[in-house]
Amino acid sequence: MTRQLFFSIVFIFLAKSLLAQSPYFQQEVDYKIQVQLNDKAHSLSANETIVYKNNSPDELKELWFHIWPNAYRDRNTALAKQKLENGSTKLYFATDDEKGFIDSLDFAVNGKKIKWEFHPEWQDVCKLILDAPLRPGESISIATPFYVKIPSAQLSRLGHTGQAYFITQWYPKPAVYDNKGWHAMPFLDIGEFYSEFGSFEVSISLPKNYVVGATGDLLNNDSELQWLNQKAEETKSKTVFDTNLAFPKSDTEFKTITFRQSNVHDFAWFADKRFHVLKGEVITPHNHNVVTTWTMFTNNEPKLWMKSIEYMNDAIYFYSLWNSDYPYKQCTAIDGTIAAGGGMEYPNVTVISECGDDFTLEDVIVHEVGHNWFYGMLGSNEREHAWMDEGMNSFNEQRYVMTKYPPDKFGNKNDLQSFGKVGKLLGVDKMNFKQSFDFEYKFEASVNADQPIDIHSGKFESLNYGAIVYRKSALILDYLKSYLGDTIFDRCMQNYFDQWHFKHPYPEDFKKVVEETSGKKLDWFFDDLLNTNKKVDYAISNGKKSDNEYVLTIANRSGLKSPVCLTAMSGDSVLTTKWIDGFEQTKQVNMPCNGCDHFQIDAKNIMLDIKPQNNYFKANGVFRKWDPINLNLLGHFDYPHRARINFLPAIAWNEYNNWMAGFAIYNKFIPEKKFEYVFVPMFGFGDKEIAGVGNVSYSIFPLQGWFDRVSLAVGAKRFAFYNADFKDADLMQVQSPLHYLRFQPELQFNFRKSSPRSSIRNQVLFSAVYLNEQDIDYSNAIVVNDSTTLKYGVKNSINRTTYRAIYNFNNKRVLDPYGISVIGEGNMDYLKISFNANYLICYPKSKRGVHLNLFAGGFGFDNTESTYPFYLSSWGGLQDFWYDDFYFGRSETEGILSQQMTQHDGGFKVNVPYAKSNKWIATFGISADIPNLPISVFADIGTFNDAKLITSIYDVENSLLYDGGICVDFTALKIYVPFFKSRDIKEYQSGNHGIEQITLGKQIRFEFNLNQLNPFNLRKQFYN
């Protein structure tokens, strides 16, 4: 290749690349809307005219429009499907009265009607087909009437609660067309909005006694403003509020009020006849503009709202100080009682839900008012880059709280305060607001369940949308601020605002501004922290003293090359802090130590370091890399970071150990750790011996590959039991119970879900059960006390082992969840395989319903003479031959304790111990929950092959058995009362075949699920 040809190719390639990067442009959209509210039919009748200017370099032959009220039309909309994925069936089962829609559309361009059609997939998006192309620089006028049936506010953001109206995303509006193309999208709860900037003039007609808060300024309506001012004076002087939330009768006279605003991309309004009004003003810090602030609220939480103007003013001041001045004339916050779902932002106006306390109200108001910058003036594409709105805004919210309420001045403020006294015990009161953000992020990150920040919002698992988009984004921006310093960081944010307000910035635009302003290359932030879920993990691996300083060896354990904050400390006081640019592997750092007693990485909790336990190094002494160990009752969140051992008093009871007391000692807590243990040693006051349980586990959480979790665990337990043979021999008691010791090593593989939003989970477990049972050496037995007590001096040990392989499949969708389990169990003497499938047919708007269960089991071979058969009935203690479950009276054959059961095998609720097989068995069970009551009705039917096991007792008429009855469910305790059963079961229980009659009282069985009360399982339920 010649040199000339080479440079020609390079030139052509560069030219094409530059041409491919379209220059920035944005369309302009100006609206005029006249709308009338019908508060009897809960509807809007409106006309809209839009002037649409094409500032792009392209000819447009069609325009995509959002008609988002259609998101509430039926269960087939994108919103309904997303809500179902997120666990809500409200829209799926909504009644016609609760649903909403938009219709009566009749689009005309420049006065001439045009063709339009719905999007092929989304009924809340449509396409206008232009008769003639709209050329660059040209404008057209688009007009249409429209009618909106307002849905229930319980479904999403547009809606009404009685005659309180939340009118948002309510009018037809063009989708954004930018240099990346059209951004037509359906309305969704997660991943909100992206709209064109322009101006709005909206005239609203409604009964005269409605108070309205809206986007924009009141236009030439002195009487309305006078009325609002009068209400504000009345509210300001109030000290006692009524608790009445009833709606007054609507005025028969209507009023029309008009709002106008420029440089916004949306318009929302809220109307309620019950509103109290407060008014204030704030002066912006840079340009000293006066902004009028309004709050409008009901009798729901009036005392909280009396301080709302302070919150509004402070939010506008601090956000203006750090980013740039608020440019509009007014800002309003609306009390949406319980309909808003936290809060929701719109230009100049926000709606706030029920809050419960002062700080929560302030926090939500600050967050939603802050969206006037991040969403309002900086109009990012939140559907694709949600962090640019929610994350940047949450960072400013966090900064606001930490500035106004520093821990050393006003005490801690965080959104975990609702834990109350339990929260104090857990250490919540020691956490500041920022640490609560870190806690939420690490809740997901500790098990690698977190997702990258900068992905499409539709890909986020629901927990991650909060933990990552809101919390982690805020934390990494604080990390960046701490690294750059407040002055440079604030200059970055102000330059970003100056260059991009009233525009549509993308992540690359923010990156360019920050790198140019700071003069630093920030790939660690924009490439790694934003676009991956790599973790920060630095450790102090060694240290040597040299004169008055230490040479510390810092190791990068994760490979993410983010900056390191290293601190020399004396107690909890910071002496010296040094920032080190990110590096791979290890680096030696000289650190002064004038009076320091230890060094710490990330002492101020800035870096999101995933393993703070290795960030510590003592200047002197032994065990220099060990954190101080803290002993905590119940448990403690890891703030400040310490090595923690948790404990709880433990009590238990069974028939043989009698009362037991001891301690649970554990490190299991939230967030999850790789290495975890629980030991619960107890002393039995009945047998005077040690009993208890223990578990040690180690888990890894691969970032890629087939599995997202691999765990190796070893569990053990030791308790007393009676041998069933003694009962059968009519020996009424033994002097000393027997004991069993059980070990179970287990290897667990959780398959990675096809996507984080998937409800399907797959799991494989391999385990072995090693069992040591005590038994009697009859040759040394002595009969005493008139043949009623058997005293023995020798206990034999019987050792047994079995192996298990289990596959679990679960679809945990909110509507009709189901699951399948396949279990293989055996050793050299037997092999049995069972299949269990369950399906829940949910009632509308409920997690209760009709439960279906199918069980089938069979033996590959059995050389044990049916030692481990399948049972038609759910197990009692005598059928639990590998001691899997806990029973109060494991070996009892009579009395209330003998009626305890756990659901295994065939699952019959009546006790039919003779119905067992070492060949095959099959059953089908159904139970139906009774709505609004903790009661269900059940029925089971089943069969098995080994009729000879029945005929040995009596002549069997039919090998197809069934039962039925009711179950009373007290969550941890379920009581089963049989009402009917097959003839063979009745005959068996009649007492006519040499077997004691089983009365109705003895037929009642109960199930006690200790897992419901186990504090160590609460976290598991939290994660799942």
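So, how was this worked out
Residues numbered from 1 in each chain as written. Predicted model: local features only at pLDDT ≥ 70, side-chain atom pairs only at ≥ 80, totals over all residues. Heavy atoms only, no water. Buried < 20%, exposed > 50% of the residue type's maximum accessible area, 1.4 Å probe, protein only. Helix = DSSP H or I, 4+ residues; strand = E, 2+ residues; numbered from the N terminus. Pairing = 2+ DSSP bridges. Axes fitted to C-alpha atoms, helices over the stretch in contact; angles between N-to-C directions. Expected span 1.5 Å × (residues − 1). Arc of directions from axis to C-beta. Contact = heavy atoms within 4.5 Å. Core = buried A, V, L, I, M, F, W, Y, C linked by side-chain atoms within 4.5 Å. Disulfide = S-S within 2.5 Å. Polar contact = N/O pair within 3.5 Å; in protein donor to acceptor, adjacent residues only side chain to side chain. Parallel < 35°, antiparallel > 145°, perpendicular 65-115°, else oblique. Left-handed = near helix turned anticlockwise from the far one by under 90°. Nonpolar A, V, L, I, M, F, W, Y, C, P; charged D, E, K, R; others polar. pLDDT = per-residue confidence, 0-100. Phe/Tyr/Trp six-rings, centres within 6.5 Å; stacked < 30°, edge-to-face > 60°. Lys NZ or Arg CZ within 6 Å of the ring centre and 35° of its normal.

Participant: Hey, could you run me through the pairing of strand β19 (residues 269–272) in this one?
Facilitator: Sheet faces and side chains relate simply in a regular strand, where the side chains alternate between the two faces. Burial of β19 is two-sided: the residues Trp269 and Ala271 facing one way and the residues Phe270 and Asp272 facing the other way are all buried. Taken together, the 3 bridges between strand β11 (residues 164–167) and β19 define a ladder with antiparallel strand orientation. Its bridge partner being in β19, Phe166 is matched across the sheet by Phe270. Strand direction decides the pairing type here: strand β16 (residues 211–214) and β19, joined by 4 bridges, are antiparallel. Residue pairing for β19: Ala214 is matched across the bridge by Trp269.

Participant: It is not clear to me how the sheet that holds strand β10 (residues 159–161) should be interpreted in this structure. Could you clarify?
Facilitator: Backbone hydrogen bonds hold the strands of a sheet together, and the pairing may be parallel or antiparallel. Here we have 4 strands laid out as an open sheet, ordered β10-β11-β19-β16, and antiparallel in their pairing. A single partner strand is all that each edge strand has here, and the edge strands are β10 and β16. Within the sheet, the average angular offset between the axes of one strand and its neighbour, ignoring direction, is 10°.

Participant: Any chance you could explain the pairing of strand β26 (residues 549–556) here in plain terms?
Facilitator: Of all 8 residues that make up β26, 6 are buried, and the element is covered over most of its length. The antiparallel pairing of strand β25 (residues 538–546) with β26 creates a hairpin that spans 2 residues between the two strands, and Asp547 there sits at a positive phi of about 55°. Sheet analysis places β26 next to strand β29 (residues 586–592), joined by 7 bridges and oriented antiparallel. Residue pairing in the sheet places Ile554 in a bridge with Lys587 of β29.

Participant: How should helix α3 (residues 222–236) be read in this particular structure?
Facilitator: Side chains that are three or four residues apart share a direction in an α-helix, a result of its 3.6 residues per turn. Compared with an ideal rise of 1.5 Å per residue, which puts 15 residues at 21 Å, α3 spans 21 Å between its outermost C-alpha atoms and is within 8% of the ideal. Every buried residue of α3 is listed here: Glu224, Leu228, Lys231, Ala232 and Thr235. Projected down its long axis, α3 shows its buried positions confined to an angular sector of 105°, all on one face. With respect to the buried face of α3, the exposed residues turned more than 90 degrees away are Asp222, Ser223, Gln226 and Glu233. On the buried face of α3, the contacting elements are β16, β17 (217–218), β18 (254–264), β20 (276–283) and β21 (290–297).

Participant: Sorry, what's going on with the nonpolar core here?
Facilitator: One broad rule of soluble globular proteins: the nonpolar side chains tend to lie buried together. Within the largest apolar cluster, 179 residues are counted, with the highest numbers of intra-cluster contacts made by Tyr52, Ile142, Trp170, Trp269, Phe510, Phe525 and Phe599. Take this core: its biggest share by element is 11 residues, from helix α11 (residues 462–484). Not counting the four nearest positions on each side in its chain, Trp170 is found in contact with Ile33, Val35, Leu44, Pro69, Ile102, Phe146, Val148, Leu158, Val202, Phe267, Ala268 and Trp269. By size, the runner-up hydrophobic cluster in this structure holds 40 residues, among which are Tyr666, Phe721, Tyr887 and Tyr914.

Participant: Help me understand the environment of Leu831, please; the structure alone is not making it clear to me.
Facilitator: Residue placement: Leu831 occurs in strand β45 (residues 830–842). When its relative accessible area of 33% is taken as the criterion, Leu831 is described as partly exposed. When the C-alpha atoms of Leu831 and Gly860 are compared, they prove to be 5.2 Å apart, with 29 residues separating the residues in sequence.

Participant: When you look at the state of the cysteines in this model, what are you seeing that I'm missing?
Facilitator: Cysteine pairs can be linked by a disulfide, which is a covalent bond between their two sulfur atoms. Enumeration over the complete set of coordinates arrives at 1 disulfide. Covalently, Cys593 is tied to Cys596 through a disulfide, its sulfur atoms 1.8 Å apart. Disulfide Cys593-Cys596: the torsion about the S-S bond is -95°, which places it as left-handed. Note on Cys596: relative accessible area 8%, which makes it buried.

Participant: Before we go on, may I ask you to explain helix α12 (residues 486–500) in this structure?
Facilitator: With 15 residues, α12 ought to run about 21 Å at 1.5 Å a step, and its terminal C-alpha atoms sit 21 Å apart, in line with that. Of all the positions in α12, only Phe489, Asp490, Cys492, Met493, Tyr496, Phe497 and Trp500 are classed as buried. For α12, the arc enclosing every buried residue in end-on projection is 155°, short of the 170-degree limit, so these residues lie on one face. The elements touched by buried residues of α12 are α5 (308–322), α7 (390–404), α11 and α13 (507–518). Just past α12, the residue Phe502 takes up positive phi, approximately 65°.

Participant: What is the right way to read the side chain of Asp266 from this model?
Facilitator: Assignment of secondary structure puts Asp266 in the loop between β18 and β19. Polar side-chain contacts of Asp266 include one of 2.7 Å to the side chain of Gln169. There is a polar contact of 2.7 Å between the side chain of Asp266 and the side chain of Tyr171. With residues up to four places along the chain from it excluded, the contact list for Asp266 reads Gln169, Tyr171, Lys173, Phe200, Thr215, Tyr346, Pro347 and Tyr375.

Participant: In this structure, what is going on with the side chain of Asn372? I would like to understand it.
Facilitator: Structurally, Asn372 is set in the loop between α6 (358–370) and α7. Since its relative accessible area comes to 3%, Asn372 is described here as buried. With sequence-adjacent residues up to four places away left out, Asn372 is seen in contact with Tyr326, Cys331, Tyr346, Pro347, Asn348 and Met377.

Participant: Would you mind showing me how to read unusual backbone geometry here?
Facilitator: With the exception of glycine, the majority of residues adopt a negative phi angle, and the majority of peptide bonds are in the trans configuration. Put simply, Ile670 and Pro671 share a cis peptide bond, and its omega is 0°. Considering the arrangement of structural elements, one finds Pro671 in the loop between β34 (658–666) and β35 (675–684). A positive phi is found at Phe502, a non-glycine position, where the angle reads about 65°. Mapping Phe502 onto the fold places it in the loop between α12 and α13.

Participant: Would you take a moment to explain the packing of α5 against α6 for this structure?
Facilitator: When two helices pack together, you describe them by how their axes are tilted relative to each other and by the distance separating the axes. Their axes nearest at 9 Å, the elements α5 and α6 cross at an angle of 40°. The orientation of α5 with respect to α6, classified from their angle, is oblique. As α5 packs across α6, the resulting crossing turns out to be right-handed. In this structure, α5 uses Ser308, Tyr311, Met312, Ala315, Ile316 and Tyr319 to contact α6, whose residues at the interface are Asp358, Leu361, Glu362, Ile365, Val366, His367, Val369 and Gly370. Classifying every residue of the contact of α5 with α6 gives 9 nonpolar, 3 polar and 2 charged.

Participant: Teacher, can you tell me more about the confidence of the model for the chain here?
Facilitator: The predicted structure's coordinates, where accompanied by low pLDDT, should not be read in detail. Of the residues in the chain, 88% reach a pLDDT of 70 or more, and the chain-wide mean stands at 88. Below pLDDT 50 for its whole length, residues 1–20 participates in 2 contacts with residues either more than four positions away or in separate chains. Across residues 724–733 the pLDDT falls below 50, and counting only partners more than four positions away or on other chains, this stretch makes 19 contacts in the model.

Participant: In this structure, what is going on with the packing of aromatic side chains? I would like to understand it.
Facilitator: A full pass over the atoms with the stated rule returns 76 aromatic pairs. Each ring, one from Tyr317 and one from Phe318, has its centre 5.5 Å from the other, and the planes form 85°; the classification is edge-to-face. Residue Tyr317 is classed as partly exposed on the basis of its relative accessible area, which comes to 32%. Among the residues examined, Phe318 registers a relative accessible area of 17% and is labelled buried. An aromatic cluster of at least three residues, connected via ring pairs, comprises Trp387, Tyr479, Tyr483, Tyr496, Phe510, Trp524, Phe525, Phe526 and Trp579. Across the ring face of Tyr506, the terminal group of Lys180 is positioned such that the distance to the ring centre comes to 4.6 Å. Across the ring face of Trp500, the terminal group of Lys503 is positioned such that the distance to the ring centre comes to 5.7 Å.

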